[in-house]
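Breakdown of the fold
Below are the chains, spelled out letter by letter.
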Amino acid sequence: MQHPMKGKEPTLGLTAAMAAARLKGEGYNELPTPDRRGFLRILSEIVRQPMFALLIGGGVVYLLLGDRIEAVLLLLFASLSITISIIQESRSERVLEALRNLASPRALVIRDGKRIHIAGREVVRGDIIVISEGDRVAADATLLSSQDLLLDESLLTGESIPVRKLAQQSSTKIGDLNTALGAGGEDLPYIFAGTLVVRGTGHALVLATGIRSEMGKIGGALRTIETEQPHLQLQMRWLIRDFAIFGALAGGLTVLLFGLLRGSWLEAMLGGIALGMSLLPEEFPLVMAVFMAMGAWRISRARVLTRRASAIETLGATTVLCTDKTGTMTENRMTVVSILTADARWDQGGNIPVSAEMQATLEVAVLACPREATDPMDIAVHALAGAQLASGTAGFAHRTLIRAYGLRPDLFAVVNIMSGDGAGTGTAYAKGALEAIAELCHLTADHLVQIRAQVDALARDGIRVLGVAKTTVINLAQPQDLPESPRSLKFEYVGLIGFADPLRSNVPAAVAECRSAGIRVVMITGDYPETARAIGRQAGLDATDVLAGDDIEVMSDDRLALLVKSTSIFARIRPSQKLRIVQSLKANGEIVAMTGDGVNDAPAIKAAHIGIAMGGRGTDVAREASAIVLLDDDFGSIVKTIRLGRRIYDNLRKAIEYIVAVHIPIAGLALLPLLLGLPLMLTPIHIAFLEMVIDPACSVVFEAEDEEDDVMRRPPRDPASPLLVPRRILWAVLQGVIVLAILAGLFISAARMGVPELDLRALVFTSLVLMNIGLILVNRSFNASLVQAFLRPNRSLRILLGGVTALLATAVFWPPARSLFHFGRLHWDDLAVCAVAGFFSLLILEALKSRWFHVGGESKATLPRQC
């Protein structure tokens, strides 16, 4: 039995000032998370990278050669490279930390007499928390009140059977409760942090938070955002491994050949180090870290939280988007627009008052709601009752709630049993789906046909309909004898309540955008079939076929797998049937994204490739099972997230292709002089300078690129396809080979013309930097022309180009810098040659790109299949 609270809130709760003071004094309600990366850990990871070892090795060789200034300069470049990496990694870590805070379980607390949602980590000792089905209890607490409350304590006890919790303390004042606690409090019912509310509701006073909770004492670990990228990370590991092996072999061979052929082993080591640095893909880990962290941050700006970063990878491959109706496609702004009985009807409009017969139906509906309404439908009923009933919602004042039966998977109805005026008697008030109310009232087939005709008429206008019923209950003097299920009570049918919930204005456009992107939108709702059909038609879905839950219940898996191929609307669906729908879609080879908000939605969310939980009305269980969370519960946000996911994957692919392309001419220039017996053009100092351009270009600049114009006009990507398919690898290699060929031609021609070594090095290096900029510009877009690419805004690119131009000018024109880089003086005609070479390479690459990707010729819709 549940303790009767007589409708009062247990307390006004803490004031905001008291809560802030306790939060400051006692700390956040969270457990230590030693896996978070601080400055020292990031620094340690960076200095252990092979590139840093090569830079240090180069500095040592310069010292052995007596070139102290070059050694200091190389170490300075190493320090700058480390600084850039630390800044980018720290920025990424701050983003992840902010997302972890968003991912923290929420709590509903009473402060200053008002219910407010806060992050679970902000709960403090003395808070009054309100718990309901699907919530994860935020802190250790003692129950003040409860209704039909069951808790899963398996996280602490290992027992999987839910435990019933009964409130024994009837005081509504914290002072009285503290007295009881001071006296020992052995009989007070406790609930513990981390346990799960399986059913019912309750209020509780927080006693311990964070490490002082029972979970903290036994060393439970806080769940955090999953940052690893299983599929992408594996591909990246292969790339790094292959490049590193090739670089080590090439560097070793270079040292051996140079030393044997020229006899200068220290210079051979410099050449080998330069070649190793040119081939080592040290940018890959940085790119992955920045792209995934910043990608999650960009998605969060669209009011979507990425709990598992692997979802970013999968978003671009989604083929079916399963979504709820209420609150996702609709505004979840319910208003009562109709009340019907067997022979009367009231419709909202024109300030028409509710008749006496309709008032009786409305009163049953309001008494079947909680006293403190939080559900939009309950709020709508309360609002109309307050406006149309003479007593408003005052009917609660002289009634005591004896027992509440919540929604159950096998019965879509709620029942409140209230004490009445007579001793030992009361009334049960019920509201719910027509089928559930018909079952409680044992309606005859003819009577049900008449009611269904009324429901169908309302549903065709997109109106959601609930039935209401009541019955007299005796023997309330022994409430423990009340049945466990309301089915044992003999209800009397009263009438229908119709609710309007307008479609979100952005939904039709979002559905159309999904269709153009090759994504089928499927609406799965517990609503009446005709209501679902009407809303689906408004949203732009194919409303030809509507599959009901009762039909699915008796359907074989093979038959269901066949029907889900053509059905876009599912109605009167139970949570277990959502799981079957998801499994059937997956069996057909679809990549499924699934939304949900309740406890029983968690299996379907978990089973989908991308689980999407509702952040506004969703339960903690649904959030924990999901990969992403919609903070505003808006269908349009899902589509924005898919668009961003495709953009992130596109930009990551561009960055990797650029890295592959730019390393080829650098490696070629490090190796070519050894093969031709010419002076070394690139030493570790020059490559360290180039890395200062490459690192921010491949991470920050490409990450900030806008999406392609056709990003939502392509079919979904095959999830099994590698990050770089052979055609894209060939394109990246081709870019690098073309740039190397032009540089080699320039280098050999100038050497044969007798250009001095220092002037030759300055000429080749300047041309290489300009061609590097050209590679950045070419790879900004898969299919946009060079002019369009220039017009695309990218603040990071402008900053990078400005910085590179200033540094290059300093190295070429400032005598001390020229001496450090071993450059000769470039004249204006030399600079013109560099500019022409850079522009020529840009034009060739742009022309090849337009042919390679068939820009303007082949349909853009086919582009992804080629890519």
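Before any of the text, the structure's been laid out above.
The present account deals with the structure reproduced in this document.

The rules behind each value
Residues numbered from 1 in each chain as written. Predicted model: local features only at pLDDT ≥ 70, side-chain atom pairs only at ≥ 80, totals over all residues. Heavy atoms only, no water. Salt bridge = Lys/Arg side-chain N within 4 Å of Asp/Glu carboxyl O. Helix = DSSP H or I, 4+ residues; strand = E, 2+ residues; numbered from the N terminus. Core = buried A, V, L, I, M, F, W, Y, C linked by side-chain atoms within 4.5 Å. Buried < 20%, exposed > 50% of the residue type's maximum accessible area, 1.4 Å probe, protein only. Contact = heavy atoms within 4.5 Å. Pairing = 2+ DSSP bridges. Axes fitted to C-alpha atoms, helices over the stretch in contact; angles between N-to-C directions. Patch = residues over 30% accessible without salt bridge, like charges linked within 9 Å, V, L, I, M, F, W, Y side chains within 5 Å. Areas by Shrake-Rupley, 256 points an atom, 1.4 Å probe, with all protein chains shown as cover. Phe/Tyr/Trp six-rings, centres within 6.5 Å; stacked < 30°, edge-to-face > 60°. Lys NZ or Arg CZ within 6 Å of the ring centre and 35° of its normal. Expected span 1.5 Å × (residues − 1). Polar contact = N/O pair within 3.5 Å; in protein donor to acceptor, adjacent residues only side chain to side chain. Parallel < 35°, antiparallel > 145°, perpendicular 65-115°, else oblique. Left-handed = near helix turned anticlockwise from the far one by under 90°. Nonpolar A, V, L, I, M, F, W, Y, C, P; charged D, E, K, R; others polar.

1. Looking at the pattern of salt bridges
- Applying the stated criterion to the full structure yields 24 salt bridges.
- In this structure, the salt-bridge partner of R574 is E553, at a minimum N-O distance of 3.8 Å. Of this pair, R574 sits in the loop between β19 (569–571) and α20 (575–587) while E553 is found in helix α18 (residues 549–553), placing the two residues 21 residues apart along the sequence.
- Where salt bridges share partners, they join K325, R464 and D527 into one cluster.

2. As for the nonpolar core
- Among the nonpolar cores identified, the biggest contains 110 residues, and L321, M329, I612, F635 and Y658 are the most heavily contacted of them.
- The element best represented in this core is helix α23 (residues 635–676), accounting for 17 residues.
- Discounting residues that sit within four places of it in the chain, Y658 has contacts with I694, A697, C698, F702, N772, L775, I776 and N779.
- By size, the runner-up hydrophobic cluster in this structure holds 31 residues, among which are Y405, L411, I417 and A428.

3. A short note on the pairing of strand β3 (residues 128–132)
- The buried count for β3 comes to four of five residues, which makes it a mostly enclosed element.
- Pairing of strand β1 (residues 106–111) with β3, which is carried by three bridges, proceeds in the antiparallel orientation. The residue bridging L108 from the neighbouring strand is V130, located in β3.
- With five bridges joining them, β3 and strand β7 (residues 196–208) adopt antiparallel strand pairing. Opposite I131, over in β7, you have G202 as the bridge partner.

4. What about the side chain of S338?
- Inspection of the secondary structure assignment puts S338 in strand β10 (residues 335–340).
- With a relative accessible area of 2%, S338 lands in the buried category.
- Residues within four places of S338 in sequence aside, it is in contact with R345, W346, D347, L458, I463, L496, I497 and G498.

5. Brief notes about unusual backbone geometry
- In this model, R572 sits at a positive phi of 55°, which is unusual for a non-glycine residue.
- Tracing the chain through its elements places R572 in the loop between β19 and α20.
- On the basis of relative accessibility, which here comes to 12%, the residue R572 falls in the buried class.
- One non-glycine residue, H822, adopts positive backbone phi at about 60°.
- Structurally, the position occupied by H822 is in the loop between α29 (815–821) and α30 (828–852).
- For H822, a relative accessible area of 26% puts it in the partly exposed group.

6. What to know about the sheet that holds strand β9 (residues 320–323)
- Pairing is mixed across the open sheet formed by eight strands, whose spatial order is β8-β22-β21-β20-β9-β17-β19-β18. Strands with a single pairing partner mark the edges of an open sheet, and in this sheet they are β8 (304–306) and β18 (546–548). Strand-to-strand twist of the sheet, defined as the mean angle between neighbouring strand axes without regard to direction, takes the value 20°.
- As judged from the three bridges shared by β8 and strand β22 (residues 628–630), these two strands associate in the antiparallel manner. Residue L305 lies in a different strand from β22, and its bridge partner there is V629.
- α20 contacts β9, β17 (520–524), β19 and β20 (592–596) of the sheet and is inclined by roughly 170° relative to β20.

7. Some thoughts on a nonpolar patch on the surface
- Together, L671, L675 and L676 make up an exposed nonpolar region whose accessible area comes to about 280 Å².
- Relative to the elements of secondary structure, L675 occurs in helix α23.

8. Notes on the packing of aromatic side chains
- Counted by the stated rule, this structure contains five aromatic pairs.
- Measuring from centroid to centroid gives 5.4 Å for Y658 and F702, while their planes differ by 45°, and the two rings are tilted. Of the two residues, Y658 is situated in helix α23 and F702 in helix α24 (residues 684–703); the sequence distance between them amounts to 44 residues.
- Accessibility expressed as a relative area gives 0% for F702, which makes it buried.
- Aromatic rings pair up to connect F765, F821 and F823 into one cluster.
- Sitting over the ring of Y28, R121 keeps its end group 3.8 Å from the ring centre.

9. Observations regarding the sheet that holds strand β14 (residues 425–432)
- With respect to topology, seven strands assemble into an open sheet ordered β11-β10-β16-β15-β14-β13-β12, the strand pairing being antiparallel. Of all the strands in the sheet, just β11 (345–347) and β12 (401–405) have a single pairing partner and so form its edges. Neighbouring strand axes in the sheet, compared pairwise and without regard to direction, differ in orientation by 20° on average.
- Examined bridge by bridge, strand β13 (residues 413–419) and β14 share seven bridges and lie antiparallel to one another. Bridge pairing in β14 links V414 to K431.
- Contacts from helix α12 (residues 356–367) reach β10, β11, β13, β14, β15 (464–474) and β16 (492–500), with the element oriented near 80° to β16.
- Its contacts with the sheet place helix α14 (residues 434–441) against β13, β14, β15 and β16, and it is angled at close to 150° to β14.

10. With respect to helix α13 (residues 376–388)
- Taking 1.5 Å as the rise per residue, α13 with 13 residues should run 18 Å; its terminal C-alpha atoms sit 18 Å apart, in good agreement.
- Within the span of α13, buried status applies to M377, D378, A380, V381, H382, L384 and A385.
- The backbone nitrogen of M377 has a side-chain oxygen 2.9 Å away, supplied by the residue at the start of α13, namely D375.

11. Quick notes on the packing of helix α25 (residues 726–752) against α30
- Where α25 meets α30, the axes come as close as 11 Å, and the angle between the chain directions of the two elements is 155°. When the axes of α25 and α30 are compared, the pair comes out roughly antiparallel. Considering the relative orientation of α25 and α30, their crossing is right-handed. Across from R727, L730, W731, L734, Q735, I738, V739, I742 and L746 in α25, the residues of α30 making contact are V833, A837, F840, S841, I844, L845, L848, K849 and W852.
- Of the residues contributing to the contact of α25 with α30, the split by class is 14 nonpolar, two polar and two charged.

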